[in-house]
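As a plain string of letters, each chain reads:
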Amino acid sequence: YRTLLLGGFDTLCYGLCIAAVVAATIWMRSMSRSSSHHGEDVDDILLYIAFVGEVVWCSAEISAFMSGNFSVDKSVLILDVTLIRLIHVFSQTWFILAASRLHLSTSTNSTAIRGRECVTFLLVVNITLFFFGIYESMNDR
């Protein structure tokens, strides 16, 4: 029961993150793309490291699923959560890289910037998922 509840929560959060990325991308269309990158190089390095870490983690879970290390009732849930997590990781990484190249054009006033709410929502959900991941790993012992 606990696995189903936490798996459902993870699926819900990852799904909401994917929806927030799509909404923020649509809302931020009024911003113009610049040729230069506004972020620091260390930010990109940390993003790439986190991306690779997530892909490796999800690959390990898919590998464990394929080798049959999980019980039948948990295996489908774990595969579903892992695939949704992979979609979340790819879409959010793409969004961060694309948004770092956007800037406000001079013709757009600052109140027209949309998507900030989605970015804040993504931050809160990712922090929540981080702490729930820690909670799940502590209770698996």
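Use the structure listed above.
Just so you know, the residues in each chain are numbered from 1, in the order the chain's sequence is written. Where local features are concerned, this predicted model is filtered to residues with pLDDT of at least 70; where side-chain atom pairs are given and counted, the filter is 80 or more; whole-chain, interface and lining totals use all residues. With hydrogens and water set aside, each side-chain value is computed from the structure's full complement of heavy atoms.

Caption draft 1: The overall build of the protein chain, seen in detail. Broken down by element type, the protein chain carries four helices and two strands. For the purposes of this entry, the term helix denotes a DSSP run of H or I that reaches at least four residues, the term strand denotes a run of E that reaches at least two, and both are numbered from the N terminus. Secondary structure elements of the protein chain, listed N to C terminal, follow the sequence α-β-α-α-β-α. Each of the 141 residues in the protein chain was classed as buried or not, and the buried ones make up 28%. Of the roughly 9300 Å² of accessible surface on the protein chain, a fraction of 68% belongs to carbon and sulfur atoms. Only protein chains enter the calculation, and the probe is 1.4 Å; a residue is then buried if its accessible area is under 20% of its type maximum, exposed if over 50%, and partly exposed in between. For the area figures, the Shrake-Rupley method with a 1.4 Å probe applies, and any residue is considered shielded solely by the protein chains shown.

Caption draft 2: Focus on the packing of aromatic side chains. A pair of aromatic rings is counted whenever rings of Phe, Tyr or Trp (Trp by its six-membered ring) have centres within 6.5 Å, and the orientation is called stacked for planes under 30 degrees apart, edge-to-face for over 60 and tilted otherwise. Under the criterion given, the structure shown has two aromatic pairs. Both rings, one in Phe51 and one in Phe90, keep their centres 5.1 Å apart while their planes meet at 85°; by these two values the pair is edge-to-face. Taken as a pair, Phe51 in helix H2 (residues 41-67) and Phe90 in helix H3 (residues 72-99) lie far apart in primary sequence, 39 residues in all. The exposure class of Phe90 is partly exposed, given its relative accessible area of 46%.

Caption draft 3: Representation of H2 in the model. Any helix carries an expected span of 1.5 Å times its number of residues minus one. Its 27 residues give H2 an end-to-end C-alpha distance of 39 Å, which sits within 8% of 39 Å, the value for a rise of 1.5 Å per residue. All of the buried residues in H2 are Asp44, Leu47, Cys58 and Ala64.

These values are about where atoms sit, not about what they do.
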